[in-house]
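Coordinate inspection notes
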Amino acid sequence: MRQAGRYLPEYQEIKSRHTFVEMCTQPEVAVEVSLQPLKRFGFDAAIVFYDILYILESMGAPLEFQPNGPVFHRPVSTAKEIRALNDPDLFDETPGKGTGAILASLRELRRVVPADTAVLGFAGAPFTLAAYLVEGSFGRSGERIRRLLHQDPAAVHLLLERLADVTADYLSAQLDAGASAVQLFDTWAGLLGPEEFREFSLPYLKTVFTRLAERDALTVLYINGSAHLLDDLIATGARVLSLDWRQSMASARKRFGPDLGLQGNLDPATLFAPPDEVRRRTLALLESMRGDSAFVFNLGHGIHRETPVEAVAALVETVQGFS
Ligand code: CP3
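Described below are features of the structure shown in this document. (Residues numbered from 1 in each chain as written. Predicted model: local features only at pLDDT ≥ 70, side-chain atom pairs only at ≥ 80, totals over all residues. Heavy atoms only, no water.)

As for the sheet that holds strand 1 (residues 45–47)
Operational definition: Any two strands with at least two DSSP-identified bridges between them are counted as paired. Strands here mean DSSP runs of E at least two residues long; helices mean DSSP runs of H or I at least four residues long; both are numbered from the N terminus. Orientation is described by axes fitted as lines to C-alpha atoms, over the contacting stretch for helices, and by angles from 0 to 180 degrees between their N-to-C directions. Any pair of residues with heavy atoms lying within 4.5 Å of one another is described as a contacting pair.
Strand order in this open sheet of seven strands is 1-4-5-6-7-8-9, and the pairing throughout is parallel. Only two strands of the sheet have a single partner each, and these edge strands are strand 1 and strand 9 (295–299). Here the average twist between neighbouring strands, direction ignored, is 25°. Across three bridges, the pairing between strand 7 (residues 240–242) and strand 8 (residues 261–266) is parallel. Bridging from a neighbouring strand, Val-240 pairs with Gly-261 of strand 8. Across the sheet, helix 11 (residues 202–213) is in contact with strand 5 (181–185) and strand 6 (219–222); its angle to strand 6 comes to roughly 165°. In the packing of helix 13 (residues 249–256) onto the sheet, the strands contacted are strand 7, strand 8 and strand 9, and the crossing angle to strand 8 comes to about 165°.

So this is what it looks like as structure tokens:
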């Protein structure tokens with residue numbers, strides 16, 4: 001889950017001197033931001049600083065990060081508009097612009113981070129990227145993309161196929177650049193019912209994970225609101241499932257057996273409780289997974305912007321002190 005962000009004063013400091021685009025696409029800045037949570041809290045992994053949406057910009061969809069979130073100024077919805085998207089140059093490392101900036105940042109992180117600390121790469125999953133491109137800016141319900149699945153399924157499949165190919169190449173390039181593992185964010189796939197998930201997300205997740213399995217990569221899948229999709233998640237081929245907070249980790253373990261990696265799933269809102277309560281809830285999750293060597297403690301989604309730093313400190317102390 002996102003570690004960096006608006007809750008850290010040192011992040012705010014960098015943000016006061018750079019635009020968000022600069023922070024993501026100038027590797028010196030991105031590396032510094034990636035290292036901030038590691039320096040402060042000693043996490044077991046560094047997640048490279050970047051955003052899942054730039055790949056769409058490099059396919060010809062102008063993107064702006066506005067204070068309330070990302071906006072695509074020319075959303076797409078027809079086969080003609082989808083065909084007009086270009087193939088991205090994944091290796092374009094032009095500072096301040098290219099999609100390849102993430103590769104330069106990963107190489108540098110791998111160089112500076114201790115060998116026993118994982119460096120994580122990531123990308124948006126095909127359905128989630130398609131949803132952003134069709135919606136333009138994201139409302140909670142994904143009304144436009146869900147409508148389009150039924151109005152013009154062929155156009156959506158055309159887009160998803162292209163995105164799956166590009167995403168497999170992109171994550172492969174990130175592994176080559178030094179990522180220890182890669183996480184695919186299908187944040188919005190939880191908006192789909194099981195049948196739509198099986199048609200519009202699952203096959204494309206499979207394409208990406210199958211390609212990455214060929215090189216024995218360590219892969220993680222996150223879907224926000226995935227409890228109703230669990231039976232299908234196993235079919236994606238991801239080696240680790242990252243679960244949101246609306247479900248029980250211990251029940252997921254029973255369902256999946258001992259070998260599949262499971263990651264999650266403390267509600268990020270828990271961090272607004274007093275530190276003692278944060279410790280109590282963190283311990284409860286850890287206890288529920290005691291002895292489970294394929295469990296990775298994490299939040300159940302990205303950290304909120306006003307999160308008190310003391311609460312994160314209480315969480316990290318509790319996890320690191322648990323034996
Ligand atoms: O952990 C990290 O900090 C790594 C970098 C990272 C970012 N975005 C930087 C970012 C990662 C892994 C992402 C993934 C991402 N981006 C997802 C999937 C994960 C999830 O949240 O479900 C999604 C959906 C996006 C798209 C996106 N980027 C949104 C919706 C927003 C605005 C809302 C928000 O949460 O701030 C962003 C901006 C963004 N990307 C920020 C960061 C640190 C916040 C920028 C700021 O205000 O300083």
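Next comes the rest of the account.
Thoughts on the layout of surface pockets
The criterion, for reference: Lining residues are defined by having an atom within 4 Å of a point belonging to a cavity or pocket. Those points lie on a 1 Å grid over the protein atoms alone, cavities being sets where a 1.4 Å probe fits but cannot get out and pockets being open sets with protein on both sides within 12 Å along at least five of seven lines. Grid points are joined across faces, edges and corners, and a volume is the space filled by probe spheres set on the points. Think of it as three bins: nonpolar holds Ala, Val, Leu, Ile, Met, Phe, Trp, Tyr, Cys and Pro, charged holds Asp, Glu, Lys and Arg, and polar takes everything else, Gly as well.
In this model, the largest pocket occupies a volume close to 1,600 Å³. Taken together, 50 residues line the largest pocket, and the ones lying closest to its centre are Arg-2, Arg-6, Asp-51, Gly-69 and Pro-70. Elements that contribute at least two residues to the lining of the largest pocket include exactly helix 1 (9–17), helix 2 (20–25), helix 4 (54–57), strand 2 (63–66) and strand 3 (69–72). Examining the composition of the lining of the largest pocket, we find that four residues originate from one element, strand 2, more than from any other. Among the residues making up the lining of the largest pocket, the classes are represented as 26 nonpolar, 13 polar and 11 charged. Looking at the second largest pocket, its volume works out to about 990 Å³. Asp-44, Ala-45, Val-296, Phe-297 and Asn-298 are, among the 39 residues lining the second largest pocket, the residues nearest its centre. For the lining of the second largest pocket, the elements supplying multiple residues, two or more each, are strand 1, strand 4 (118–124), strand 5, strand 9 and helix 15 (309–321).

Focus: the environment of Val-182
Inspection of the secondary structure assignment puts Val-182 in strand 5. As a C-alpha pair, Val-182 and Phe-122 span 60 residues in sequence and 5.0 Å in three-dimensional space. Residue contacts for Val-182: discarding those within four places in its chain leaves Gly-121, Leu-171, Gln-174, Leu-175, Leu-212, Leu-218, Thr-219 and Val-220.

Some words on unusual backbone geometry
A negative phi angle is the norm for most residues apart from glycine, just as the trans form is the norm for most peptide bonds. Cis peptide bonds are those with omega within 30 degrees of zero, and the linkage from Gly-264 to Asn-265 qualifies with -15°. Within the secondary structure, Asn-265 sits in strand 8.

What about the packing of aromatic side chains?
Selection rule: Note on ring pairs: Phe, Tyr and Trp rings are taken, using the six-membered ring of Trp, and paired if centres are within 6.5 Å. Classes follow the plane angle, with under 30 degrees stacked, over 60 edge-to-face and the rest tilted.
For the structure on display, the rule yields 11 aromatic pairs. Both rings, one in Tyr-50 and one in Tyr-54, keep their centres 5.3 Å apart while their planes meet at 55°; by these two values the pair is tilted. Ring centres of Tyr-132 and Trp-188 lie 6.4 Å apart, and the angle between their planes is 65°; on these two criteria the pair is classed as edge-to-face. In this pair, Tyr-132 is assigned in helix 7 (residues 126–135) and Trp-188 in the loop between strand 5 and helix 10 (194–200), connecting sequence segments 56 residues apart.

Observations regarding a positive patch on the surface
Inclusion rule: Like-charged residues are merged into a patch within 9 Å and nonpolar side chains (Val, Leu, Ile, Met, Phe, Trp, Tyr) within 5 Å, provided each residue has over 30% relative accessible area and no salt bridge. Areas reported here follow the Shrake-Rupley algorithm with a probe of radius 1.4 Å; residue values treat only the protein chains shown as occluding. A carboxyl oxygen of Asp or Glu within 4 Å of a side-chain nitrogen of Lys or Arg is what we treat as a salt bridge. We treat Lys and Arg as the positive residues and Asp and Glu as the negative residues; His and chain ends play no part in the count. We put the charge of a Lys on NZ, of an Arg on CZ, of an Asp on CG and of a Glu on CD. Burial status follows relative accessibility: with a 1.4 Å probe on protein chains alone, a residue under 20% of its type maximum counts as buried, one over 50% as exposed, and anything between as partly exposed.
Residues Arg-2, Arg-6, Lys-15 and Arg-305 make up a contiguous surface patch of positive charge. Owing to a relative accessible area of 42%, Arg-305 belongs among the partly exposed residues under this scheme.

Overview of helix 6 (residues 101–112)
The cut-off we apply is this: Here the expected span of a helix is defined as 1.5 Å times the quantity of residues minus one.
With 12 residues, helix 6 ought to run about 16 Å at 1.5 Å a step, and its terminal C-alpha atoms sit 17 Å apart, in line with that. Regarding helix 6, the residues found buried are Ala-101, Ile-102, Leu-103, Ala-104, Ser-105, Leu-106 and Leu-109. Against helix 2, helix 3 (27–41), strand 4 and helix 9 (153–176) lie the buried residues of helix 6.

What to know about the side chain of Asp-232
Rules: Within 3.5 Å is the distance limit for a polar contact, defined as a pair of N or O atoms, with the added protein rule that one can donate a hydrogen and the other accept it, and that residues adjacent in sequence qualify only through two side-chain atoms.
Locating Asp-232 in the fold gives a position in helix 12 (residues 230–233). Polar contacts involving the side chain of Asp-232 include one to the side chain of Arg-198, which spans 3.0 Å. Setting aside residues no more than four positions away along its own chain, Asp-232 makes contact with Pro-194, Phe-197, Arg-198 and Leu-202.

Re the pairing of strand 3
Direction of pairing for strand 2 relative to strand 3: antiparallel, over a ladder of four bridges. Paired with Leu-63 across the two strands is Phe-72, which belongs to strand 3. Adjacent in sequence and paired antiparallel, strand 2 and strand 3 are bridged by two residues.

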